[in-house]
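Here's the letter readout for the chains.
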Amino acid sequence: MTDIKTPILATDVIHRGDCLEILRTLPDRSVDMVFADPPYNLQLGGDLLRPDNSKVDAVDDDWDKFDSFAAYDAFCRDWLKECRRVLKDEGSIWVIGSYHNIFRLGTAIQDLGYWVLNDIIWRKSNPMPNFKGTRFTNAHETLIWAAKSRDQKRYTFNYDALKAFNEDTQMRSDWTLALCTGEERIKGEDGKKAHPTQKPEGLLHRVIMAATKPGDVILDPFFGTGTTGAAAKRLGRRFVGIERDAAYADVAETRIKAVIPAKPEDLVVMGSKRAEVKVPFGALVEAGLLAPGDTLYCPKGHREARVRADGSLISGEFTGSIHKLGAILENAPACNGWTYWRFKTDTGLRSIDALRAEVRAGMQ
């Protein structure tokens, strides 16, 4: 009997060729995150001119042209379906688009079984003006972030790291970042843009920091000039790129080779409290950090409760867990007992959460 071996996913590579054909060769459940910047199907009709009558370098490449909305929808459903197959069960996908296509993509994403976690508004600080003056200036694009399924219990979200990144303020779903310009914009020998819709690496930096861990594999089925690969390498992640345009792939290879990755010690993601080892209050009693009969106090010190051997508390006629009794005494719907209760020391009252930290350190 011949053993059937699971295909091994090659990483830090750029596959050159048709997106769908190559996606179908990738192993099931092999990537941690997908970032997709698909064709926008802009449906441009005629040249776009500035007020001085110069031509705007718009997206008019063949890869962005489809015969109909139906053809575009079929294409998107095909690649989204393959990406879902390749995505690990705890993975997530990011898809970016403009008003031309993001609503069609959103419908396909939901129809195929993904579960939308957020939509992110990328607000461009330097958008291209609406030269004709017939519409609002198109100053943003939308990213859809989705889990692989509605029933998915786990997915990577580095909440605490993003909060630290954002000066200890919860990261919002509207991000202000400049378009890719200046030295970051890659140009050919003729001085023209190497790619018409090159994304700023700062955008990928934030996406990768939000939803992956060092060593994770990121798939980009529309690799272009390699922004995802460059950001992934810089941040200690691995990438799989797919690009059918040989010129774009050449630029991406050269670009990524020049990237110097950060040192491993500088890539450690700030841990989340949700991921910490669970410690029951009773463990503090078992460890001898608190003894039956010890007194605990509310933050202001005017309410007291005694510790019992089973890890519950008693105060007058009321008993319960550290959380339940705190809520009863404060006449509140809920209470975090770890931050509410204090024990007495020579220097004053101290939170029992400090004792929990001691027990957790021992468990780890």
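Cut-offs applied
- Residues numbered from 1 in each chain as written.
- Predicted model: local features only at pLDDT ≥ 70, side-chain atom pairs only at ≥ 80, totals over all residues.
- Heavy atoms only, no water.
- UniProt positions renumbered as here; feature names shortened; annotations may be inferred.
- Axes fitted to C-alpha atoms, helices over the stretch in contact; angles between N-to-C directions.
- Helix = DSSP H or I, 4+ residues; strand = E, 2+ residues; numbered from the N terminus.
- Parallel < 35°, antiparallel > 145°, perpendicular 65-115°, else oblique.
- Left-handed = near helix turned anticlockwise from the far one by under 90°.
- Contact = heavy atoms within 4.5 Å.
- Nonpolar A, V, L, I, M, F, W, Y, C, P; charged D, E, K, R; others polar.
- Buried < 20%, exposed > 50% of the residue type's maximum accessible area, 1.4 Å probe, protein only.
- Domains from an automatic or database assignment.
- Pairing = 2+ DSSP bridges.
- Core = buried A, V, L, I, M, F, W, Y, C linked by side-chain atoms within 4.5 Å.
- Phe/Tyr/Trp six-rings, centres within 6.5 Å; stacked < 30°, edge-to-face > 60°.

The name that an unreviewed UniProt entry assigns to the protein is Methyltransferase, with the source organism given as Brevundimonas variabilis. Under the UniProt heading Subunit (unreviewed entry), the entry covering the protein gives this text: "Homodimer." According to the UniProt record, the Catalytic activity (unreviewed entry) comment for the protein reads "a 2'-deoxyadenosine in DNA + S-adenosyl-L-methionine = an N(6)-methyl-2'-deoxyadenosine in DNA + S-adenosyl-L-homocysteine + H(+)".

Student: Explain the packing of helix H2 (residues 69-86) against helix H3 (residues 102-111) to me, and be specific about the residues and the numbers.
Tutor: Orientation of H2 relative to H3, taken along the N-to-C sense of each, is 45°, at an axis distance of 10 Å. With respect to each other, H2 and H3 are oriented oblique. In terms of crossing hand, the pair formed by H2 and H3 is right-handed. Contacts between H2 and H3 pair Phe69, Tyr72, Asp73, Cys76, Arg77, Trp79 and Leu80 from the former with Arg104, Leu105, Thr107, Ala108, Ile109 and Asp111 from the latter. Partitioned by chemical class, the residues of the contact of H2 with H3 number eight nonpolar, one polar and four charged.

Student: Can you break down the side chain of glutamate 201 residue by residue, with the values?
Tutor: Summarising the element assignment, glutamate 201 is placed in helix H5 (residues 201-211). The buried category is assigned to glutamate 201, whose relative accessible area is 15%.

Student: Please provide a residue-by-residue account of the domain arrangement of the protein, values included.
Tutor: Split into domains, the protein comes out as domain 1 (13-45 + 55-266) and domain 2 (281-363). A separation of 48 Å is found between the C-alpha centroids of domain 1 and domain 2.

Student: Can you break down the sheet that holds strand S1 (residues 13-16) residue by residue, with the values?
Tutor: Across a sheet, paired strands are connected by hydrogen bonds in the backbone, their directions being either parallel or antiparallel. In spatial order, the strands read S1-S8-S7-S2-S3-S5-S4-S6; together these eight strands make up an open sheet with mixed pairing. Looking at strand neighbours, the two that pair on one side only are S1 and strand S6 (174-177), the edges of this open sheet. In this sheet, adjacent strand axes meet at a mean angle of 20° when their direction is disregarded. Where H2 meets the sheet, its contacts fall on strand S2 (31-36), strand S3 (87-97) and strand S7 (217-220), and the angle it forms with S3 comes to roughly 150°. Strands S3, strand S4 (115-124) and strand S5 (140-147) of the sheet are contacted by H3, whose axis makes an angle of about 165° with S3.

Student: Quick rundown of the nonpolar core? Include the residues and the values.
Tutor: Counting 34 residues, the largest nonpolar core has Met33, Phe35, Trp94 and Leu143 as its most contacted members. If you list the elements that add at least two residues to this core, you get S2, S3, S4, S5, S6, H5, helix H6 (227-234) and helix H7 (246-257). Here leucine 143 is in contact with Phe35, Trp94, Val95, Ile96, Asn118, Asp119, Ile120, Trp122, Leu203 and Val207, once residues within four sequence places are set aside.

Student: Can you tell me about the environment of valine 13, naming the residues and giving the values?
Tutor: Within the secondary structure layout, valine 13 lies in strand S1. Between the C-alpha atoms of valine 13 and glycine 241, which are 228 residues apart in sequence, the distance is 6.2 Å. When neighbours within four sequence positions are excluded, valine 13 is seen to be in contact with Phe239, Val240 and Gly241.

Student: Could you give an account of the packing of aromatic side chains, with specific residues and numbers?
Tutor: Enumeration according to the criterion identifies ten aromatic pairs in this entry. Measuring from ring centre to ring centre gives 6.1 Å for phenylalanine 75 and phenylalanine 222, while their planes differ by 65°; the resulting arrangement is edge-to-face. Placement of the pair is phenylalanine 75 in helix H2 and phenylalanine 222 in the loop between S7 and H6, with a sequence separation of 147 residues. Aromatic side chains tryptophan 145 and tyrosine 155 sit 5.7 Å apart centroid to centroid with 85° between the ring planes, which places their arrangement in the edge-to-face category. Within this pair, whereas tryptophan 145 is found in strand S5, its partner tyrosine 155 is found in the loop between S5 and helix H4 (159-165), the two being separated by ten residues in sequence. Accessibility expressed as a relative area gives 4% for tryptophan 145, which makes it buried. Classification of tyrosine 155 as partly exposed rests on a relative accessible area of 36%.

Student: Which residues make up helix H9 (residues 322-330), and what values do they have?
Tutor: Residues of H9 that are buried include every one of Ile322, Leu325, Gly326, Ala327 and Leu329, and no others. Where H9 is buried, its residues meet strand S10 (304-307), strand S11 (313-315), strand S12 (318-320) and helix H10 (337-340). Among the residues trailing H9, asparagine 331 stands out with phi positive, at a value near 50°.

Student: I'd like a description of unusual backbone geometry, backed by residues and values.
Tutor: Even without glycine at this site, aspartate 12 takes up a positive phi of about 55°. Following the sequence through the fold, aspartate 12 ends up in the segment before S1. On the basis of relative accessibility, which here comes to 43%, the residue aspartate 12 falls in the partly exposed class. One non-glycine residue with positive phi stands out, namely arginine 29, at about 45°. Along the chain, arginine 29 falls in the loop between helix H1 (19-23) and S2.

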